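Okay, here's what each chain looks like letter by letter:
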Amino acid sequence: MAPYDDWNKADDEEDEELQDASFYEGKRDVILFCIDCSPSMLEMREDERYEDAVQTCNLMIALEAAMQIMKKKVLVGPNDAVGIMLFNTTKRNESGQAGADIKKGAYVYQPIATIDAPKVMELIQLLDEARENPDTLKDTFPPLTDKRMPIGDVFTSCNWVIRDGAPKTATKRIFLITDEDDPHPGASGTRLMTSARTTLVDLIQAGVAVEPFFISTDDKAFDPTKFYSSVLLPTSTTDLDDIADDESESILPESISISRVDELLAQMRFHEVPKRALFSVPLTLAPGFVIGVKGYGLITEQKKGAYRYFADLGDRVEPVTSRTAYVDQERDAEADKTEILYGMDLGAPSGEAAGESFSDAKESAVGTRKVQLGSRVFYTADEVRSFRTLGLEPGIKLLGFKDRSELTFEDNVKHSYFIYPDEMSYSGSKRTFTALLRTMIKTGKIGIVLVLTRRNASPAFCAVLPQAEKVDESGWREPPGFHLIQFPFADDIRAAPTLKGFRASKEVTAIAKQWIHKLHIKDGSYPPDSYPNPALAYYNAQLEASAFREEFDAEAFEDLTVPKYEMMHKRAGELMRKWKKALLEDETANVVAAPPVSRKRKAETQEQSAIDEKEIRALHEADQLRKLRVEDLKNFLKSKSEPVSGKKDDLIARVADWLEAHP
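This write-up is about the structure you can find in this document. (Residues numbered from 1 in each chain as written. Predicted model: local features only at pLDDT ≥ 70, side-chain atom pairs only at ≥ 80, totals over all residues. Heavy atoms only, no water.)

A few points about the overall build of the protein
Across its full length, the protein holds 18 helices and 25 strands. Counting every position in the protein, which comprises 663 residues, the buried fraction comes to 35%. Total accessible area on the protein is roughly 41,200 Å²; 51% of this is exposed by carbon and sulfur atoms. (Helix = DSSP H or I, 4+ residues; strand = E, 2+ residues; numbered from the N terminus. Buried < 20%, exposed > 50% of the residue type's maximum accessible area, 1.4 Å probe, protein only. Areas by Shrake-Rupley, 256 points an atom, 1.4 Å probe, with all protein chains shown as cover.)

Below is the structure:
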């Protein structure tokens, strides 16, 4: 269906005057890999991925995961930035280098900077050397042996590195990778734990999120309750004061316990996609009662990277940019943007009103319309914007509540947004949001709201569907919050066709059920996270090979969406052949539907323009006779020797009466 705001689009190329620049802020992503370099991370063991006796260690696994994420970002996030900082090492940055002023025990291997292929190649070379010589990483990054760097100092160093290298409007995250679950045992542990939590709060207030990845092995299991569950802040909407009341309850954010390198790569690739807020608006619960919320998109189509244009100047290649210019056709001169107005196509062309043909008028009077005196057909950019927003400011306004059962499947016509409290804009938002969420879940209610997500959008009515926090066996967490489900407007609704088709016999249907049952999908659902877009993956694989000077093997590329034909035929092939034979023997399969009769113009005969009676009956059963033209109704009545006088409503009633009298 057509988007609601198509009617008042000013131009396909949206002008800067109509854009809300705040919507594009924070679109760059910054990741700082903060990797433990203690002796346990450097302990060598055999790499199970290789048949030969290749040695690996946890530090190598972490660096390889960082390399894979950087290779991906070269293709899909070329404007993003990545850095690597190691801690619990004696190596220091020299004076004048990035990271020279960070805390002792930390080393900035790669400062935060926009992704480029040479940086990734440098890391690939280091990993290749480490596979050939197991002591390479230990010699390059000597570990601290007598003590460990306080985690509070680690967070402080991360804060300084991000402060010096990350843009203010970017999404900033720290990937913390370690295998030590109790970095500060002994009497000083409580003090260092408090210090770490305090510095982490400073990070959070600076807009930096910490996502931990804990490496666990069979010999050394990782227990987050020893230290990190008391340091890392929860991501739940549960208020921190509530946690303090029950110190025995440990709440940890989305930490990932990793036992194998492929698990670390898989989890990092998933978490690599930033949780970017699409909008941040006030939620008005009542007059004078407002909290802050942020909206996130749960589904975003991934597309190929945009091409840039370059001019070949012979001795060099220079990038070129495009710009939009509006030209006055009469003067053949570029018009000033401040003088641009937006005109609506109203009225008739002036030539047509004077008696000229429509085509001649269009050529002679482009853009000229004959409109009644006093009519206004030209608007400024501010006026067009007011048409879209109806004079509303961005925000969400609660209108009331309904029972959960009143929300139907047909109401969901677009991807929903997920909203979460924003404590930074309104103090107390998290506590109020949590109370509302719990109450709506308990009473089985949904909310009805009026939503305007940003200044350049159109208002919409939405359902607010509450979601409780869920954690499955694999550790996957569905966070608590609300889904914003946009309702369709009356203009958006279209009636589906109700033409009847031929029905297969019961025998053929029963045979078809047998092979369909054999090919039933496990759990009866489609897991989208298991099937990457094959066209996008193939394109990125070729681009990656070119960027890093590797040979692309097309035969090695695996398309996970290709059906497993051999397995399908082995499981249900005989039943399919049996069904095909029965289908060929079924008489109804040989009946061919007559092609629909085309609607001709008035100049043609009645016999040519008559609509088939079956089609008229189908429209009558669907209560859609009004879709027929007056000419079609009269032709049908004439063919049945019925009177054809009267208005369209009279003709429709007469056709309906005849159809009901002749079933």
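Let us keep going from here.
What to know about the packing of aromatic side chains
Inspection of the entire model under this criterion finds 16 aromatic pairs. With centroids separated by 4.2 Å and ring planes inclined at 10°, the aromatic side chains of F214 and F222 adopt a geometry described as stacked. Like F222, F214 is buried. Ring geometry for F279 and Y417: centres 5.2 Å apart, planes at 90°, overall edge-to-face. Taken together, the positions of F279 in strand β9 (residues 277-286) and Y417 in strand β20 (residues 417-421) put the pair 138 residues apart, joining distant regions of the chain. Residue classification places Y417 among the partly exposed residues on the basis of a relative accessible area of 27%. The structure contains a cluster of three or more aromatic residues connected by ring pairs, namely F214, F222, F227 and Y228. Over the ring of Y107 we find K91; its NZ or CZ atom is 5.4 Å from the centre of that ring. (Phe/Tyr/Trp six-rings, centres within 6.5 Å; stacked < 30°, edge-to-face > 60°. Lys NZ or Arg CZ within 6 Å of the ring centre and 35° of its normal.)

Brief notes about the pattern of salt bridges
Going through the model one piece at a time under the given rule, you end up with 17 salt bridges. With its nearest N and O atoms 2.9 Å apart, the salt bridge here joins D29 to R173. Of the two residues, D29 is situated in strand β1 (residues 29-36) and R173 in strand β6 (residues 171-178); the sequence distance between them amounts to 144 residues. By relative accessible area, D29 is classed as buried at 0%. Among the charged side chains, a network of salt bridges with common partners joins D29, R173 and E211. (Salt bridge = Lys/Arg side-chain N within 4 Å of Asp/Glu carboxyl O.)

Quick word on helix α17 (residues 630-639)
The α-helix advances 3.6 residues per turn, and as a result positions three or four apart in sequence lie on the same side. Of the positions making up α17, those classed as buried are D632, L633, N635, F636 and L637. Two residues or fewer after α17 comes S641, characterised by a positive phi angle close to 60°.

Looking at the pairing of strand β11 (residues 309-312)
Here β11 pairs with strand β12 (residues 317-320) via four bridges, running antiparallel. Note on β12: the bridge partner recorded for F310 is P319. Hairpin connection, β11 to β12: the antiparallel pair is bridged by four residues, and G314 has positive phi, about 90°. (Pairing = 2+ DSSP bridges.)

Structural notes on helix α4 (residues 151-165)
Under the 1.5 Å per step criterion, the end-to-end length of α4 is 21 Å for 15 residues, consistent within 8% with the ideal 21 Å. By the burial criterion, the buried members of α4 are I151, G152, V154, F155, T156, S157, C158, V161 and I162. In this fold, the buried residues of α4 make contact with β1, β4 (81-87), β5 (106-114), β6, α5 (189-205) and β7 (208-215). (Expected span 1.5 Å × (residues − 1). Contact = heavy atoms within 4.5 Å.)

Digging into the sheet that holds strand β10 (residues 289-297)
Taken in spatial order, the seven strands line up as β9-β10-β20-β25-β22-β21-β19 and close into a barrel, and their pairing is mixed. For this sheet, the mean inter-axis angle between neighbouring strands, taken without regard to orientation, is 40°. (Axes fitted to C-alpha atoms, helices over the stretch in contact; angles between N-to-C directions.)

Brief notes about a nonpolar patch on the surface
A contiguous nonpolar patch, built from Y526, Y531 and L560 and spanning about 310 Å² of accessible area, is present on the exposed surface. You can see Y531 is positioned in the loop between α12 (506-518) and α13 (534-547). When its relative accessible area of 34% is taken as the criterion, Y531 is described as partly exposed. (Patch = residues over 30% accessible without salt bridge, like charges linked within 9 Å, V, L, I, M, F, W, Y side chains within 5 Å.)

Points about the side chain of T156
Along the chain, T156 turns up in helix α4. With sequence-adjacent residues up to four places away left out, T156 is seen in contact with K103 and T199.

Some details on empty space enclosed by the protein
A complete count under the given rule lists two cavities of 30 Å³ or more for this structure. A volume near 80 Å³ is recorded for the largest cavity. Every residue along the wall of the largest cavity is listed here: L283, L285, I396, L398, F401, I419, L436, M440, G447, V449, V464 and F482. When residues of the lining of the largest cavity are traced back to their parent elements, those giving at least two are β9, β19 (395-403), α11 (429-443) and β21 (445-452). If one sorts the elements of the lining of the largest cavity by residue count, β19 sits on top with three residues. When grouped by side-chain class, the residues that make up the lining of the largest cavity number eleven nonpolar, one polar and no charged. (1 Å grid on protein atoms, 1.4 Å probe; cavity = no way out; pocket = protein on both sides within 12 Å on 5 of 7 lines; lining within 4 Å. Points joined across faces, edges and corners; volume = space filled by probe spheres on them. Nonpolar A, V, L, I, M, F, W, Y, C, P; charged D, E, K, R; others polar.)

Overview of the environment of D632
Mapped onto the fold, D632 is located in helix α17. Separated by 19 residues in the primary sequence, D632 and L651 have C-alpha atoms spaced 10.0 Å apart.

Observations concerning unusual backbone geometry
Even without glycine at this site, N88 takes up a positive phi of about 65°. When you line up the elements, N88 lands in the loop between β4 and β5. By relative accessible area, N88 is classed as buried at 2%. Phi is positive for L390, close to 55°, though the residue is something other than glycine.

What to know about the nonpolar core
Counting residues in hydrophobic clusters, the biggest one holds 36 residues, and the most contacted among them are F33, I35, L59, I84 and L137. The set of elements that each furnish at least two residues to this core consists of β1, α1 (58-76), β4, β5, α2 (117-132), β6 and β7. A per-element tally of this core places α1 first, with ten residues. Core analysis: the next-biggest nonpolar cluster, separate from the first, contains 32 residues, V108, C158, L200 and V231 among them. (Core = buried A, V, L, I, M, F, W, Y, C linked by side-chain atoms within 4.5 Å.)

Keep in mind these values describe shape, not function.
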